[in-house]
Amino acid sequence: MLLLAVAFIVAFVLLLYMVSPLISPKPLKLPGAHVVVTGGSSGIGKCIAIECYKQGAFITLIARDENKLLQTKKEIEKYSVNDKQVVLCISVDVSKDYEQVENVLKQAQEKLGPVDMLVNCAGTSVTGKFEDIEVNSFERLMAVNYLGSVYPSRAVIATMKERRMGRIVFVSSQAGQLGLFGYTAYSPTKFALRGLAEALQMEVKPYNIYVTVAYPPDTDTPGFAEESKTKPLETKLISETSSVCQAEQVARVIVKDAIQGNFNSSVGSDGYMLSILTSGMSPVTSITEGLQQVVCMGIFRIVGLFYLGSFDSIVRRCMMQREKSESADKNE
């Protein structure tokens with residue numbers, strides 16, 4: 001009886017693997033495709049642009065700093081695979097004026113054709129204890145990290161629906177899956193992208209448009225280096241529990257998942273675990289992906305509880321050390 005049950009499970013899994021490719025999205029072909037990358041002048045955005053350019057795509061880079069854009073343009077052009085490829089630079093703040101964002105994207109499409117893939121990578125971070133963060137920082141981060149993804153996506157979605165094809169990528173963060181000490185201003189903006197992505201995917205899936213949410217871990221970028229300068233001690237100690245990834249590695253994973261039409265994009269074993277733990281009601285690209293989530297959810301929840309316990313221990317220890325130090329100072 002036990003052997004029969006095992007045989008049935010094995011046969012069921014094999015059947016899922018056979019059927020899965022039939023229901024998965026058709027991969028997007030990057031050669032000749034028009035890829036728009038916001039926040040593309042540095043960090044993960046720049047590496048995504050390079051990765052797409054290496055595969056024959058036409059690139060539109062969008063960022064605020066025109067000088068950085070021009071420098072990045074020169075760097076990307078070194079990786080051309082044919083003489084027809086173009087890198088277009090547009091200097092604009094994607095979080096302030098929707099009409100301006102819509103106009104510049106129309107201009108980009110007039111020059112390089114309809115947008116096949118939009119990568120929303122523009123973002124910024126502020127770390128600190130909740131009561132120490134200026135109120136306007138909460139407003140600024142929501143504008144840049146959330147509305148800075150809403151506006152470009154809103155500007156290209158109609159054309160994608162008309163063409164019955166497209167990819168939209170939202171670059172969130174592991175801090176958009178798990179709220180951590182010091183990220184009370186940053187995490188909510190990245191969590192918001194998940195809600196946007198889930199609702200949007202349900203709307204556009206019938207039009208053969210697929211949304212990807214990327215959850216990169218701590219990544220070696222100029223933004224990460226700047227953020228590290230103001231991290232509270234607790235945040236630094238928690239961050240030390242995981243390694244820092246290279247931007248090129250993260251970019252390759254995001255581009256691969258976006259091409260395949262995967263909803264979730266994560267890097268490394270921690271990223272894989274978090275993606276399953278936080279899958280909730282998010283869409284799946286294949287039956288096998290859903291099966292993995294069902295099978296692994298319980299055991300990963302146990303592992304996750306150990307992580308949370310260690311994080312809480314770090315926070316309590318830092319608080320006690322700080323109180324002892326303050327008490328000693330008063331006694332002096």
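Residues numbered from 1 in each chain as written. Predicted model: local features only at pLDDT ≥ 70, side-chain atom pairs only at ≥ 80, totals over all residues. Heavy atoms only, no water.

K.L.:
Outline unusual backbone geometry, listing residues and values.
P.N.:
One non-glycine residue with positive phi stands out, namely R164, at about 60 degrees. By the element assignment, R164 lies in the loop between helix 5 (135-163) and strand 5 (166-171). Since its relative accessible area comes to 47%, R164 is described here as partly exposed. Phi at N208 is positive, roughly 65 degrees, even though this residue is not glycine. Tracing the chain through its elements places N208 in the loop between helix 6 (187-204) and strand 6 (209-215). Given the relative accessible area of 34%, N208 is considered partly exposed. (Helix = DSSP H or I, 4+ residues; strand = E, 2+ residues; numbered from the N terminus. Buried < 20%, exposed > 50% of the residue type's maximum accessible area, 1.4 Å probe, protein only.)

K.L.:
How would you sum up the pairing of strand 1 (residues 34-38)? Please name residues and give values.
P.N.:
With five of five residues buried, strand 1 is to be regarded as a mostly interior element. The alternating pattern of strand 1 places H34, V36 and T38 on one face and V35 and V37 on the opposite face, and all of these are buried. Inspection of the sheet shows strand 1 paired to strand 2 (residues 58-63) by five bridges, in the parallel sense. Across the sheet, residue V35 finds its bridge partner in strand 2, namely I59. Taking the sense of rotation as the criterion, the β-α-β connection linking strand 1, helix 2 (residues 43-54) and strand 2 turns out right-handed. Judged from the four bridges that link them, strand 1 and strand 4 (residues 117-120) form a sheet pairing that is parallel. When the sheet's bridge partners are listed, V35 is paired in strand 4 with M117. (Pairing = 2+ DSSP bridges. Right-handed = clockwise from strand over helix to strand, strands pointing away.)

K.L.:
Explain the UniProt feature "coiled-coil region" (unreviewed entry) in the protein chain to me, and be specific about the residues and the numbers.
P.N.:
According to UniProt, the feature "coiled-coil region" (unreviewed entry) maps to residues 62-111 in the numbering used here. Counting secondary structure, residues 62-111 comes out at 52% helix and 14% strand; the distance between its end C-alpha atoms is 15 Å. (UniProt positions renumbered as here; feature names shortened; annotations may be inferred.)

K.L.:
Mind laying out helix 5, listing which residues take part and the relevant values?
P.N.:
Taking 1.5 Å of rise per residue, the 29 residues of helix 5 would be expected to cover 42 Å, and the 42 Å separating its terminal C-alpha atoms lies within 8% of that figure. Residue L147 marks the point of greatest curvature in helix 5, where the axis turns by about 40 degrees. Of the residues trailing helix 5, R164 is marked for its positive phi of about 60 degrees. (Expected span 1.5 Å × (residues − 1). Bend = angle between axes of the 7 residues up to and from the residue.)

K.L.:
Give a detailed account of a positive patch on the surface, specifying residues and quantitative values.
P.N.:
A grouping of R64, K68, K96 and R140 is seen on the molecular surface, where their side chains present a positively charged patch. Inspection of the secondary structure puts K96 in the loop between strand 3 (87-91) and helix 4 (98-112). A residue is classified by how much of its surface remains accessible, and K96, at 66% relative accessible area, is exposed. (Patch = residues over 30% accessible without salt bridge, like charges linked within 9 Å, V, L, I, M, F, W, Y side chains within 5 Å. Areas by Shrake-Rupley, 256 points an atom, 1.4 Å probe, with all protein chains shown as cover. Salt bridge = Lys/Arg side-chain N within 4 Å of Asp/Glu carboxyl O. Lys, Arg positive; Asp, Glu negative; His and termini not counted. Charge placed at Lys NZ, Arg CZ, Asp CG, Glu CD.)

K.L.:
For the nonpolar core, give the residues involved together with the corresponding values.
P.N.:
Formed by 34 residues in total, the largest nonpolar core has its most connected members in L30, V35, I48, C52, I59, M117 and V119. Among the secondary structure elements, those contributing two or more residues to this core are strand 1, helix 2, strand 2, helix 3 (66-77), strand 4, strand 5 and helix 9 (247-260). Ignoring anything within four residues of it in the chain, the contact list for L30 reads V35, C52, Q55, G56, A57, M117, V255 and I259. I62, V104, L112 and L118 belong to the second largest nonpolar core, which has 31 residues in total. (Core = buried A, V, L, I, M, F, W, Y, C linked by side-chain atoms within 4.5 Å. Contact = heavy atoms within 4.5 Å.)

K.L.:
Describe in detail the side chain of Q293, supporting the description with residues and values.
P.N.:
Relative to the helices and strands, Q293 resides in helix 11 (residues 287-331). Apart from the residues within four sequence positions on either side, Q293 is in contact with N264, I276, S279 and V284.

K.L.:
Account for the packing of helix 4 against helix 5, with residues named and values stated.
P.N.:
Between helix 4 and helix 5, the least distance of the axes is 9 Å, while the angle of their chain directions is 45 degrees. Classified by the angle their axes make, helix 4 and helix 5 are oblique. Crossing of helix 4 against helix 5: the hand is right-handed. Across the interface between the two elements, Y98, V101, E102, L105 and Q109 of helix 4 pack against Y151, P152, R154, A155, V156 and T159 of helix 5. Taken together, the residues that form the contact of helix 4 with helix 5 break down as seven nonpolar, two polar and two charged. (Axes fitted to C-alpha atoms, helices over the stretch in contact; angles between N-to-C directions. Parallel < 35°, antiparallel > 145°, perpendicular 65-115°, else oblique. Left-handed = near helix turned anticlockwise from the far one by under 90°. Nonpolar A, V, L, I, M, F, W, Y, C, P; charged D, E, K, R; others polar.)

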